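# Notes for the structure review
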Amino acid sequence: MVRGSGVSRGLFERSNRVVPGGVNSPVRAWSAVGGEPLFVGRGEGSRIFDEEGRGYLDYVCAWGPLILGHAPAAVVEAVVNAAPQGTGFGAPTKKEMELAELVSGRIAGIEQLRLVNSGTEATMSAIRLSRGYTGRDKVLKFDGCYHGHVDALLAKAGSGVASFSLPDSAGVPESFTGETLIAGFNDVASVRSLIREHREDLAAVIVEPVCGNMGVIPPAPGFLEALRELTRRYGIVLIFDEVITGFRVARGGAQERYGVTPDVTCLGKVLGGGLPVGAFGGRRDIMSCLAPLGPVYQAGTLSGNPVTVTAGLATLKALEAPGVYPELEAKGRRLEEGLKGVLGPGVQGTVNRVGSMLTLFLGPERVTAPDHARDSDRDRFARFFHGMLARGIYLPPSPFEALFLSLAHSDDDIAATVAAFADWADEDSSRH
Ligand SMILES: *Cc1c(COP(=O)(O)O)cnc(C)c1O
């Protein structure tokens, strides 16, 4: 077992006394890789620094939001200028309206939107809205897709395709997931048969248009189109959970990249520029079911918070600059090609990438469905994680997560990452 550094270890012990598991979100505890988490003191550009001041090249990027890197001047300045003006009013502000205008101008599927405080709140509200709009109760989700910790969405299939699902978490009554159907990601036949069987009762189909929470799994050609066609035919609301992909895989999200427009879109992560945020939006006729216009209740004390909104506006404006998305694409390609160049008989695996999000799967040579991802070599991943950390590279501490690049990641950073991987691969292959 790799022990944490002295300072981080002491802090983790203290934290464990007052915080369950020492962390405010479970993946941060490094359960999948062993050892004790680094306590991060600060971030700058492509790097984080632990409490002892040691720097690491960061591929977590706060789990996706930091597309400009850590503490970008434009966002920091906007926040510093906004805070003295007041940090919340519980009344409408011009900035919220500006952010809503910007988002609806960018995301094809959003005519109107509501700001909330997390991705979880966005998906929870999108589901309620779809149920209220259609007057139906059931929702269909995909095995391996994560939509935050909403009760009804904490369910997966036992074996690829199951009809009614059992909760993944204690504390979720079976009756709460009993209305949730599970289909196979990239498996149109499973969707078609579930929709045919339940079309009278199905309110919504919710999907990550690029699966990011089993590691990166792109949609197979025709998959999103088939979801669009089937849901339209039966009057089912199609929800794209673009909490990761929104403003990440294209300025207009995965819906722009793949040319498929959903009825409702969930956003989060990049939208808040590193501050807590979420949003859901869609067709005007659906969104107007929300209170105060309609019967679906949804609210939030700090929704549209002025400091958050300022950070979001600064981030989205920076992303308007020409060449930003081609640059992210080029960085992603460079990292993908570098990592793939190291894979071979010594270290087998594959790299899946969409734009600036990428996963290196150790073991399987092809990952087009969550079951392939589950075949990853978890012990080797743990060694890989710690081997990279020892070489100054901070990766997501789980084999089923995406690496995120930011505009602050330089070509030298990427070259150093590939060199570290090659060095680790040499060392690890010679163990056997
Ligand atoms: C992160 C994530 C969420 C949840 O967002 P939180 O802000 O953590 O509540 C929902 N959906 C997807 C696809 C995510 O990656």
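Residues numbered from 1 in each chain as written. Predicted model: local features only at pLDDT ≥ 70, side-chain atom pairs only at ≥ 80, totals over all residues. Heavy atoms only, no water.

Within the protein chain, the regular secondary structure consists of 14 helices and 15 strands. Expected size for 432 residues packed as a compact globule is a radius of gyration near 22 Å; at 21 Å, the protein chain falls within 12% of this value. For the protein chain, the spread of C-alpha atoms along the principal axes amounts to about 60 × 55 × 45 Å. Counting all 432 residues of the protein chain, 56% fall into the buried class. Partitioning the intrachain contacts of the protein chain with sequence separation of at least 6 by distance along the chain shows that 71% fall at a separation of at least 24. When the accessible surface of the protein chain is totalled, it reaches about 17,800 Å², and 52% of it is carbon and sulfur. Taking the 43 positively charged and 49 negatively charged side chains of the protein chain as two groups, their mean positions are separated by 2 Å. (Helix = DSSP H or I, 4+ residues; strand = E, 2+ residues; numbered from the N terminus. Rg over C-alpha atoms; globule rule 2.2 N^0.38 Å. Buried < 20%, exposed > 50% of the residue type's maximum accessible area, 1.4 Å probe, protein only. Contact = heavy atoms within 4.5 Å. Areas by Shrake-Rupley, 256 points an atom, 1.4 Å probe, with all protein chains shown as cover. Lys, Arg positive; Asp, Glu negative; His and termini not counted. Charge placed at Lys NZ, Arg CZ, Asp CG, Glu CD.)

Quick look at the side chain of His 147 now. Position of His 147 among the secondary structure elements: in the loop between strand E5 (138–142) and strand E6 (162–164). Given the relative accessible area of 1%, His 147 is considered buried. There is a polar contact of 2.8 Å between the side chain of His 147 and the side chain of Asp 241. (Polar contact = N/O pair within 3.5 Å; in protein donor to acceptor, adjacent residues only side chain to side chain.)

Another point: unusual backbone geometry. Along the chain, Ala 291 connects to Pro 292 via a cis peptide bond; the corresponding omega equals 10°. Located in the positive-phi region is Trp 30, a residue other than glycine, with phi close to 65°. Tracing the backbone shows Trp 30 in the loop between helix H1 (6–18) and strand E1 (40–44). Located in the positive-phi region is Asn 186, a residue other than glycine, with phi close to 70°.

The buried fraction of strand E9 (residues 237–241) is high, at five of five residues. Burial of E9 is two-sided: the residues Val 237, Ile 239 and Asp 241 facing one way and the residues Leu 238 and Phe 240 facing the other way are all buried. In this structure, strand E8 (residues 202–207) lies alongside E9, joined through four bridges in parallel fashion. Residue pairing for E9: Ala 204 is matched across the bridge by Val 237. For the handedness criterion, the β-α-β arrangement of E8, helix H7 (residues 223–234) and E9 is classed as right-handed. Inspection of the sheet shows E9 paired to strand E10 (residues 264–267) by three bridges, in the parallel sense. Looking across to E10, one finds that Asp 241 is bridged to Cys 266. Handedness of the crossover is the feature at issue here: the chain leaves E9, passes through helix H8 (residues 253–258), returns alongside E10, and the resulting connection is right-handed. (Pairing = 2+ DSSP bridges. Right-handed = clockwise from strand over helix to strand, strands pointing away.)

Turning our attention to the layout of surface pockets. Taken as a whole, the second largest pocket spans an internal volume of roughly 430 Å³. As for the second largest pocket, its lining consists of 22 residues, and the residues nearest its centre are Glu 96, Arg 114, Leu 115, Ser 303 and Gly 304. Every element with two or more residues in the lining of the second largest pocket is listed here: helix H3 (94–106) and strand E4 (112–116). Partitioned by chemical class, the residues of the lining of the second largest pocket number 11 nonpolar, nine polar and two charged. (1 Å grid on protein atoms, 1.4 Å probe; cavity = no way out; pocket = protein on both sides within 12 Å on 5 of 7 lines; lining within 4 Å. Points joined across faces, edges and corners; volume = space filled by probe spheres on them. Nonpolar A, V, L, I, M, F, W, Y, C, P; charged D, E, K, R; others polar.)

Turning our attention to the site of the ligand. Close to the ligand lie Ser 118, Gly 119, Thr 120, Tyr 146, His 147, Gly 148, Glu 208, Asn 213, Asp 241, Val 243, Ile 244 and Lys 269. Within the backbone of Tyr 146, a nitrogen or oxygen atom sits 3.4 Å from a nitrogen atom of the ligand. Within the side chain of Lys 269, an N or O atom sits 2.7 Å from an oxygen atom of the ligand. Burial of the ligand by the protein chains amounts to 82% of its free accessible area of 380 Å². Partitioning the shell around the ligand into residue classes produces three nonpolar, six polar and three charged. (Near = heavy atom within 4 Å.)

Turning next to the sheet that holds strand E3 (residues 55–58). Reading across from one edge, E1-E2-E3-E14 is the order of the four strands in this open sheet, with mixed pairing throughout. Each of the sheet's edge strands pairs with one partner strand only, and the pair in question is E1 and strand E14 (393–394). With three bridges joining them, strand E2 (residues 47–50) and E3 adopt antiparallel strand pairing. Across the sheet, the residue bridging to Arg 47 is Leu 57, located in E3.

Let us now look at the sheet that holds strand E15 (residues 403–404). In spatial order, the strands read E12-E13-E15; together these three strands make up an open sheet with antiparallel pairing. At either end of the open sheet lies a strand with only one pairing partner, and these are strand E12 (349–354) and E15. Relative to the sheet, helix H11 (residues 324–342) contacts E12 and strand E13 (357–362), its axis offset from that of E12 by approximately 175°. (Axes fitted to C-alpha atoms, helices over the stretch in contact; angles between N-to-C directions.)

Taking every second residue as pointing to the same face, both faces of E10 are buried, with Val 264 and Cys 266 on one and Thr 265 and Leu 267 on the other. The pairing of E10 with strand E11 (residues 278–282) spans four bridges and is antiparallel. Within E11, the position partnered with Leu 267 by the bridge is Ala 279.

Applying the stated criterion across every chain, the model contains nine aromatic pairs. The interplanar angle of 65° and the centroid separation of 6.4 Å between the aromatic rings of Phe 12 and Phe 39 together place this pair among those described as edge-to-face. Taken together, the positions of Phe 12 in helix H1 and Phe 39 in the loop between H1 and E1 put the pair 27 residues apart, joining distant regions of the chain. According to the relative accessible area criterion, Phe 12 is buried, its value standing at 11%. Residue classification places Phe 39 among the partly exposed positions, given a relative accessible area of 22%. Ring geometry for Phe 384 and Phe 421: centres 5.5 Å apart, planes at 70°, overall edge-to-face. One end of the pair, Phe 384, is in helix H13 (residues 378–390); the other, Phe 421, is in helix H14 (residues 411–429), with 37 residues separating them in the sequence. Summarising the burial analysis for this pair, Phe 384 and Phe 421 share the class buried. An aromatic cluster of at least three residues, connected via ring pairs, comprises Phe 381, Phe 384, Phe 421 and Trp 424. (Phe/Tyr/Trp six-rings, centres within 6.5 Å; stacked < 30°, edge-to-face > 60°.)

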